[in-house]
Amino acid sequence: MPILEILNYPDARLRTVAKPVTQVDDRIRQIVKDMAETMYDARGIGLAATQVNIHERIIVVDVTEDRNGLRALINPEVISSSAQTKVHQEGCLSVPGVYDEVERPDLVRIRCLDENGETQEFEADGLLSVCIQHEMDHLQGKVFVDYLSRLRQSRIQARLQKQSRIQAQTARA
Ligand code: GNR
Ligand code: NI
């Protein structure tokens with residue numbers, strides 16, 4: 001099964017707002033499989049469809065050490081979140097090498113469909129809460145660096161644009 005290409009910030013396609021999935025069928029299950037494979041290959045704890053240029057509301061997460069806790073969230077919604085917030089160091093497969101602190105609600109209650117089209121509702125805390133909120137931002141065209149200062153954002157953009165120029169050059173040589 002193919003490993004999908006992950007878009008890199010500041011690619012404009014990361015700004016696309018994903019559409020809801022209307023039916024959880026074999027096509028969606030195949031996307032989930034390919035996204036899971038891509039996430040594990042990249043050693044991420046989550047992946048949003050937006051990052052692989054698929055603009056439908058699908059995310060995969062696995063925050064377990066053993067990499068055996070795969071979860072697919074289709075059409076995820078936050079139905080409540082705690083007033084209590086927490087600051088966590090975040091990274092993103094679309095922003096390689098950049099880590100910074102983001103403040104988000106500590107707990108979130110999520111409703112979504114699973115890969116069988118069944119409705120699931122659960123409370124997330126800790127790393128799972130951070131990860132799901134980070135992935136849901138991607139589905140809205142938002143990247144974690146949007147929360148950082150303008151100066152930090154422009155430095156990150158400059159660094160990643162330089163990196164991709166070097167990569168393109170190396171590929172041609
Ligand atoms: O692999 C990832 N690690 C991570 C660490 C802290 C907060 C969020 C994340 S998500 C990230 C994978 C990713 O980019 N998902 O969109
Ligand atoms: Ni990300």
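Up top you'll find the structure we're talking about.
Calculation criteria
- Residues numbered from 1 in each chain as written.
- Chains lettered and ligands numbered in written order.
- Predicted model: local features only at pLDDT ≥ 70, side-chain atom pairs only at ≥ 80, totals over all residues.
- Heavy atoms only, no water.
- Pairing = 2+ DSSP bridges.
- Helix = DSSP H or I, 4+ residues; strand = E, 2+ residues; numbered from the N terminus.
- Axes fitted to C-alpha atoms, helices over the stretch in contact; angles between N-to-C directions.
- Contact = heavy atoms within 4.5 Å.
- Buried < 20%, exposed > 50% of the residue type's maximum accessible area, 1.4 Å probe, protein only.
- Disulfide = S-S within 2.5 Å.
- Near = heavy atom within 4 Å.
- Polar contact = N/O pair within 3.5 Å; in protein donor to acceptor, adjacent residues only side chain to side chain.
- Areas by Shrake-Rupley, 256 points an atom, 1.4 Å probe, with all protein chains shown as cover.
- Nonpolar A, V, L, I, M, F, W, Y, C, P; charged D, E, K, R; others polar.

Caption draft 1: Just the sheet that holds strand E6 (residues 108-113), in detail. Reading across the sheet, the five strands line up as E1-E2-E3-E6-E7 and stay open at both edges, with antiparallel pairing between neighbours. Every other strand in the sheet has two partners, leaving strand E1 (46-48) and strand E7 (119-124) as the edge strands with one partner each. Here the average twist between neighbouring strands, direction ignored, is 40°. The strands touched by helix H1 (residues 26-41) are E1, strand E2 (58-61) and strand E3 (71-81); relative to E2, the strand with the most contacts, the crossing angle is about 40°.

Caption draft 2: Representation of the environment of Val-61 within the structure. By the secondary structure assignment, Val-61 is in strand E2. For Val-61, a relative accessible area of 1% gives the class buried. Spatially, the C-alpha atoms of Val-61 and Leu-107 are 16 Å apart, while their sequence positions differ by 46 residues. Sequence-distant contacts of Val-61, that is, excluding residues within four places in its chain, are made with Met-39, Ile-45, Gly-46, Gly-69, Leu-70, Arg-71, Leu-73, Leu-128, Cys-131, Ile-132 and Glu-135.

Caption draft 3: A look at the state of the cysteines. Here the structure, examined in full by the defined rule, presents zero disulfides. Cys-92 provides the cysteine sulfur closest to Cys-131, a residue in no disulfide bond, and the two sulfurs are 10 Å apart.

Caption draft 4: Structural view of the environment of Glu-37. For Glu-37, the location among the structural elements is in helix H1. Of the residues examined, Glu-37 reaches a relative accessible area of 31% and is grouped as partly exposed.

Caption draft 5: Layout of the site of ligand 1. Taken together, the neighbourhood of ligand 1 is formed by 13 residues, with Ile-45, Gln-51, Leu-93, Glu-135 and His-138 sitting nearest. Within the side chain of His-134, one N or O atom sits 3.2 Å away from an oxygen atom of ligand 1. A distance of 2.9 Å separates an oxygen atom of ligand 1 from a polar side-chain atom of His-138. Considering ligand 1 on its own, with 380 Å² of exposed area, one finds that the protein chains cover 89% of that surface. Among the secondary structure elements, those contributing two or more residues to the shell around ligand 1 are strand E4 (85-90) and helix H2 (126-139). Examining the composition of the shell around ligand 1, we find that four residues originate from one element, H2, more than from any other. When grouped by side-chain class, the residues that make up the shell around ligand 1 number four nonpolar, seven polar and two charged.

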